[in-house]
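# Coordinate analysis (summary)
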Amino acid sequence: MTKGIGNAAAILSSRPMTNGPQSTVDPYLFCVYHKDQYPPGNDEMEAPHSGNGMDFNPDAPYRMYHGSKVPGFPQHPHRGFETITATIDGFVDHADSVGNAGRYGQGDLQWMTAGGGIVHSEMFPLIHQEEDNPTRFFQIWLNLEAKNKMVAPHFKMFWNYEIPKYTTEDGKASVTVWVGHYFGATHENQNSPPPESWASNPENDVALLHITLKPGGKLTLPKSNVQRVNRSLFYIEGESDVMRVGGKVIDRKINIHLDESVDVELELDGSAAENGEFLLMQGKPIEEPVAQHGPFVMNTRAEISQAFSDYHETQFGGWPWERDDMIFPREKGRFALSNGKKTCPSPPTSNNKEANDEL
């Protein structure tokens, strides 16, 4: 047996998952798992009640977040890091101060380098009027090296069919390789991160994997491709006491720090009544000082003060859209507008009409 597969010692430490942002380690800054059972929307793709601007109630079936009538996050600034939004269900409308825009979801991934400064909005339009609008996705912040914190903003969209996926022969375990070179995803078939991203160098072994096990499913998580990698495994969906990680029974939703130097087996007992799901986050640490205040992440407090001053003076280019919580017409379908060029998923799906119309 390969060292680590059935060895609970592969678990270096663990802590319960929290409601809201999870504990992350270098090179990551932030991770939140959004799961909202939104109801049918009205003609304006709005929720039945208005938000109070700070609706993060973990006990409610859904949250409005900073949205008023449409849930989500109206325009707000960032500097010094990248946002990775990895979707599972539902839709997100993006708009930013550079003029980029998009509607994505249902397995698509959006990657945005904030760099020297950008303002963007992320809204969750309730597109369906006759059925619920369940929404599930991860928002992850990946740090930038000091030398790249002030690069020009960058925007990339990866449609769901462009993202490598792996399924075991028995069909009981599957992996979506959002980022990284694992489970058949290679330099040849994996999507390229933005050029200044820490993930753009394979030696940094940045990986984001969404893992699903059906009852009776097994999956061996291979050791990292390089040494000195921080590896975290989040048990995000599933029952207690039926999932094993390295042979150890998991009794709750948990954040596990794994030994990256060994293979680890994930196994869901055949008696389980539902699937189990994990998010794996890993990467070589940047190992630079981190100074963070709200939406700005730099290396020193002086740089944070400068970020606030720059934003106050320039608004990072200003907001070119007609509303702070920008959403697009219901019929528009999924699209991406980047540097003036519009793309749509191809082949089209039932939820993607060819969007050649004007914004």
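Source: prediction; values computed, not measured.

The subject of this paragraph is the overall build of the protein. Assigned secondary structure in the protein consists of one helix and 24 strands. The C-alpha radius of gyration computed for the protein amounts to 20 Å, which stays within 12% of the reference 21 Å derived for 359 residues, consistent with globular compactness. Here the protein holds 359 residues, and the buried ones make up 55% of them. Long-range pairs, those at least 24 residues apart, make up 74% of the contacts in the protein between residues at least 6 apart in sequence. Counting 31 positive and 48 negative side-chain charges, the protein places the averaged centre of each group 4 Å from the other.

What follows deals with helix α1 (residues 301–314). Helix length check: α1, at 14 residues, gives a terminal C-alpha distance of 20 Å against a target of 20 Å (1.5 Å per residue), a fit within 8%. For α1, the set of buried residues is Ile304, Ala307, Asp310 and Tyr311. Axial view of α1: buried residues confined to an arc of 120°, hence all on one face. When the buried face of α1 is taken as reference, the exposed residues oriented beyond 90 degrees from it are Ala302, His312 and Glu313. Elements in contact with the buried residues of α1: β3 (72–78), β8 (118–123), β21 (291–293) and β22 (296–298).

A sheet is described by the order of its strands in space; here seven strands give the open sequence β1-β18-β15-β20-β13-β12-β11, paired in antiparallel fashion. Two strands bound the open sheet, and with one partner strand each, they are β1 (11–16) and β11 (165–167). Here the strands of the sheet are splayed against their neighbours by 20° on average, with no regard to which way each runs. Here five bridges tie β1 to strand β18 (residues 254–258), and the two strands are oriented antiparallel to one another. Each bridged residue has a counterpart across the sheet, and for Ile11 the counterpart in β18 is Leu258.

The computed volume of the largest pocket comes to approximately 890 Å³. Listing elements by their share of the lining of the largest pocket, those giving two or more residues are β2 (28–38), β3, β4 (81–89), β9 (133–143) and β15 (230–237). The leading source of residues in the lining of the largest pocket is β2, at seven residues. Class assignment for the residues of the lining of the largest pocket results in 21 nonpolar, 12 polar and eight charged.

Attention now goes to the side chain of Ser121. Inspection of the secondary structure assignment puts Ser121 in strand β8. Overall, Ser121 belongs to the buried group, its relative accessible area being 0%. Setting aside anything within four residues of it in sequence, one finds Ser121 in contact with Phe73, Pro74, Gln75, Asp93, His94, Ala95, Trp319, Asp324 and Met326.

So, on to empty space enclosed by the protein. Summed over all chains, the structure comprises one cavity of 30 Å³ or more. If you add up the space inside the largest cavity, you get close to 30 Å³. Along the walls of the largest cavity sit Thr24, Val25, Tyr28, Asn230, Ser232, Phe234, Met281 and Gln282, which together make up its complete lining. At the level of secondary structure, the elements contributing two or more residues to the lining of the largest cavity comprise β15 and β20 (276–283). If you tally residues by element for the lining of the largest cavity, the top one is β15, at three residues. Residue classes in the lining of the largest cavity are distributed as four nonpolar, four polar and no charged.

Pairing is antiparallel across the open sheet formed by six strands, whose spatial order is β3-β8-β5-β6-β23-β24. Two strands lie at the open edges of the sheet, namely β3 and β24 (341–343), each paired on one side alone. The sheet shows a mean angle of 20° between the axes of neighbouring strands, direction not considered. Pairing between β3 and β8: five bridges, direction antiparallel.

Of all residues in the protein, 94% attain a pLDDT of 70 or more, and the chain-wide mean is 94. Counting interchain partners and residues more than four positions distant, the pLDDT-below-50 stretch residues 352–358 has 18 contacts.

Cut-offs applied
Residues numbered from 1 in each chain as written. Predicted model: local features only at pLDDT ≥ 70, side-chain atom pairs only at ≥ 80, totals over all residues. Heavy atoms only, no water. Helix = DSSP H or I, 4+ residues; strand = E, 2+ residues; numbered from the N terminus. Rg over C-alpha atoms; globule rule 2.2 N^0.38 Å. Buried < 20%, exposed > 50% of the residue type's maximum accessible area, 1.4 Å probe, protein only. Contact = heavy atoms within 4.5 Å. Lys, Arg positive; Asp, Glu negative; His and termini not counted. Charge placed at Lys NZ, Arg CZ, Asp CG, Glu CD. Expected span 1.5 Å × (residues − 1). Arc of directions from axis to C-beta. Pairing = 2+ DSSP bridges. Axes fitted to C-alpha atoms, helices over the stretch in contact; angles between N-to-C directions. 1 Å grid on protein atoms, 1.4 Å probe; cavity = no way out; pocket = protein on both sides within 12 Å on 5 of 7 lines; lining within 4 Å. Points joined across faces, edges and corners; volume = space filled by probe spheres on them. Nonpolar A, V, L, I, M, F, W, Y, C, P; charged D, E, K, R; others polar. pLDDT = per-residue confidence, 0-100.

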